[in-house]
Every structure is written in C-alpha cells, then in structure tokens.
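# Fold and geometry: a report
Each chain is listed here by its residues.
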Amino acid sequence: PQVQSAESSGEVEPPHVVWTHKLRGVVNMDTNPLSSDLGAFVLEKSNMDLKSEVGRTRTKFQRIDVFDTIDATQRDYLSYRKSLEDDASYESKQSNFFLPNREIYLDGVLQSTRHGNEAYHEALVHPAMMTHPNPKKVGIIGGGEGATLREVLKHNTLEKVKMIEIDEEMVSFSREHLPDWNTCSDPEGSAIWCGDDDRAEMYYEDGLAWFNNRFSDDSRIDTEEFREEPFDVLIMDALDPQDDVPFADILYTNEHFFKTLYNALNDDGLIILQLGASPDVHSPPERISHNRKRAIVMQSFENLGFRSVHVYHEGHCQFRAPWSFAVAFKGANGKSLWQRTAAQMDIQIRNRMIPTKSGEPTLKYFDGAVMEGYKIPPKGFEAVFCKALPTPASCLSDVKNMSQSRSVYDPFADRHTYMSKDSKHTICDDSTAAIRSVPTSIVETIC
C-alpha cells in the first residue's frame, strides 16, 4: 500500500490499496464476463496504481461495467493525486493529462476508453461525414454511449440525426457515468447532453426492426407512422462482428438487413461501420477465422451494388490492437471524394465544423493528415484478402499465374499463417462450417 502523510496536521491518510481478482474453480469461460476483456485488462492485472469501479448495472440486454484505472507503466497515482491540488504545480495546471483512464465494458468486452474516446469516435464518424458533400440527415445504429451522436452533431450541414439504440438503460447509465462521452456543452448552439440537441431524435428500439419496417422490399409498413425519408449517411456503432452472441450473428450475417440499409440511403448516400480488431499478415483467410462475419459483411456490400468500399484502421483507440472500419458508397463519386488531398480535407473541416464556445478545436484527433493514412488499405487486410479461396485474380502478378490460384487453403503453403494461433484454433474447431474445405490430412497434422 502507498501511504500519504498530511502536511499540516501530520495525520496519516488511509492506505491506497492495489488489488487483483482471479477466477478460480470451474467457470464457463465463454459466457462469464470476468473471463473476457474485463478480467484480462482490469481485474486480473496487478501492475495498476489505481483500479476503481465507477459503476455497474445489468440492463434487460447486457451487463455494463465502468472502471477508472491508472496503468503504472504509463502514469502514476501520486501524479494524479497532485493534479487534484491547487498548488500551481505542473500537474495541477495540466490536470487532464493525469486523469485515470475510464473504461466501459459490455458483457465483459471493452467498448471505449477515455484515452481513446476521440480517436475512435472521430475515426468512426468524420471520414464518412466529410466525404459526403452535404450530409443533412444521418442515422446511427447503436451508439448507446452517446459519443457517436456527439461527433455527428459537430457538422453545420446537419438538419436531423436519428439514433436507434435498443438499450435505453445504457443511454441513461452512460449519461451518468460517462459525461465526457456525451456532452455537447462546448459546440455553439448545442445542448449540455447531446440527446437534448434540437437536431437529435432518440429511438429506443431494435435497429433491425426499425429499418425493416421502413425500408424493407417485402415487409415495409406503409403507414404515416413508418414513412421515412432516406438518409445521407448511416453509421453502425454496434457489437463487434467477432462477438460470439446471437445478435451479432443476426446483425452481420443477414444480407436482408443490409439490403434495407441500402434502400435507406439516398443515391449519393454512404454507410460506415466498425469491424473490430484489424487482421495482420499472419492471419488466416477471414472466411475460416473468427472474422468470418466481417468477410460476410464485405461480400454483402459487393452483392448489394455499392459502387466502392474502403477499409481503414486506427491504432490509437486504446483497444490493444488497431481497430478497423469500412465505408461503402452507394454513388459513383465516393471514390474520388475519398481520395482528396490533406489540404482539401483540412479546408473541408474548417468550413464544416461548428465552432466551440471555449475556442478549442472542434475535433481533437481527426484532420487531413490522419485522413491520408485512411486512404491506404492496411497491409493486414491486403494479406488476408489474397488468402481467400480461390485466390483473387488481382492478387496474381500476371495472367500466366492464374493457374496457380488455390481452391483450398493450405496453411503449410502459407508461411505467414501455418503457425498462427488463430489458424490452428480455427482449423481444429470442428464446429466451423467453413473448415470442410481444408483437407483431412492437414487437419490431422496440425491438430
């Protein structure tokens, strides 16, 4: 324990205790939230100067945990304590630098952090919003923390944003425990809580049903209540495609749902969504890995007729791995708008962003230089794309090599993946339907 002595009276403050929690006994590791990110990143770590539970609740849909943490390898508790004093010290003058990292977990899975808040949500929202020439109407699917809504409301072209979030209790819990995520007090003309902005409408409903009732080809409800004008931009800030829960399966493997989203867009509309941790060059083909649902999403975009799709990732979201995003354009001009120069993007940001009362920049992370990195697809995505079955023609150096295209994934022929833990887990998992394409001899050798 670390003991602080009071300077004036000599009294000894209560000790600051650092604790750790370990799961013991027989535990269902697949369903226990403590065995997921919450356990690995917070509860079981012993190198933290601070580990404090801010709040916890269980809604009708999920368990929510919020913790404040100080990782001793990056910050320290004593500097944090000093930042709270009014002594003209550097720490007290720059107190924001020493705040604990607030982290939110849903069913044990990390969703967002204070230190990565702007990097993640600005990367999710602004590349697409800035690429659209005049986004007036925006739809958000999910986004219960309120930060995605916060970023959308920074655009001066916006007339209406509709946020469809199934868990109203999560929105209320986030409003209480995550004020930095959902405050709109600084942009001129907005509200203290972003949900109170005149341009925002909140719907606490199932997003799949909401769009199905309004934009489905075969089950649209043609009444005044369900009539809806198309959107310029749709943003999906929902579960990760890698989550092994039934709702994630429905959300990311249902091409009918993506068809309703396609119908919900204007002719020059676009959709953007987060796709979980980025692959690396050692990853196996997406179709036979835990990223199977991500591969289905990308195929759905192609099947539905989106004119161009761009994948990018952001490495500063504080998710322990670079985080990937995809934007799909319904119109033909999307590709050229996506490739604008850094200078053109900075001018667009200056013209588009609502100024702040404080005089601080409206955006804390995203700018033209950051966008330059988003324009080039990550190397990991290129690698896994070229491991698809059969080998895509664009991955072959010339027409003569077309005969070298593989129809079966052979991990021994792929020096990047045959020792990969992900590959071995996937190939040895009999429940994976896609593994039927791997020869029995290879499965027996590896497993």
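Residues numbered from 1 in each chain as written. Predicted model: local features only at pLDDT ≥ 70, side-chain atom pairs only at ≥ 80, totals over all residues. Heavy atoms only, no water.

### A closer look at the nonpolar core
Nonpolar side chains tend to gather and get buried jointly when the protein is soluble and globular. Short version of the rule: Here the nonpolar core consists of buried residues drawn from Ala, Val, Leu, Ile, Met, Phe, Trp, Tyr and Cys, with membership extended through side-chain atoms lying within 4.5 Å. When accessible area is computed with a 1.4 Å probe and restricted to protein chains, residues below 20% of their type maximum are described as buried, those above 50% as exposed, and intermediate ones as partly exposed. Think of it this way: any DSSP run of H or I at least four residues long counts as a helix, any run of E at least two long counts as a strand, and we number them from the N terminus. Throughout, a contact is declared for two residues whenever any of their heavy atoms are within 4.5 Å.
Ranked by size, the top nonpolar core spans 48 residues in total, and within it V138, L149, V152, V161, I235, F366 and Y374 carry the most contacts. With seven residues, the single largest contributor to this core is helix α4 (residues 117-131). If sequence neighbours within four positions are ignored, Y374 has contacts with A123, P127, V311, Y312, H313, E314, W338, Y365 and F366. Formed by 30 residues, the second largest nonpolar core is a distinct cluster that contains I141, L208, A238 and Y262.

### Observations concerning the state of the cysteines
What counts, and what does not: Here, two cysteine sulfur atoms that lie within 2.5 Å of each other are counted as a disulfide.
This model, assessed by the stated rule, comprises two disulfides. One disulfide bridge connects C386 with C395, the sulfur atoms lying 2.1 Å from each other. Here C386 and C395 share a disulfide; its torsion about the S-S bond, -85°, makes the bridge left-handed.

### Here's the deal with the confidence of the model for the chain
Cut-off, in case you're wondering: For every residue, the predictor states its confidence as a pLDDT score lying anywhere from 0 to 100.
Residues of the chain with pLDDT of at least 70 account for 85%, and the chain-wide mean is 85. Low pLDDT (under 50) marks residues 1-6, which in the prediction has 17 contacts with non-local residues, meaning those over four places away or in another chain. In this model residues 411-447 is a low-confidence stretch, pLDDT under 50, and it forms 55 contacts with partners more than four residues away in sequence or in other chains.

### Overview of the sheet that holds strand β8 (residues 231-237)
Whenever strands of a sheet pair, they do so through backbone hydrogen bonds, lying parallel or antiparallel. Rules: Pairs of strands are assigned from DSSP output, requiring at least two bridges between the strands. Between N-to-C directions, angles cover 0 to 180 degrees, with each direction set by a line fitted to C-alpha atoms, over the stretch in contact for helices.
With respect to topology, seven strands assemble into an open sheet ordered β7-β6-β5-β8-β9-β11-β10, the strand pairing being mixed. Where the open sheet ends on each side, the last strands, each with one partner, are β7 (200-203) and β10 (308-314). In this sheet, neighbouring strand axes are inclined to one another by 15° on average, regardless of whether the strands run parallel or antiparallel. Examined bridge by bridge, strand β9 (residues 265-277) and strand β11 (residues 323-329) share six bridges and lie antiparallel to one another. Bridge pairing in β11 places A277 opposite W323.

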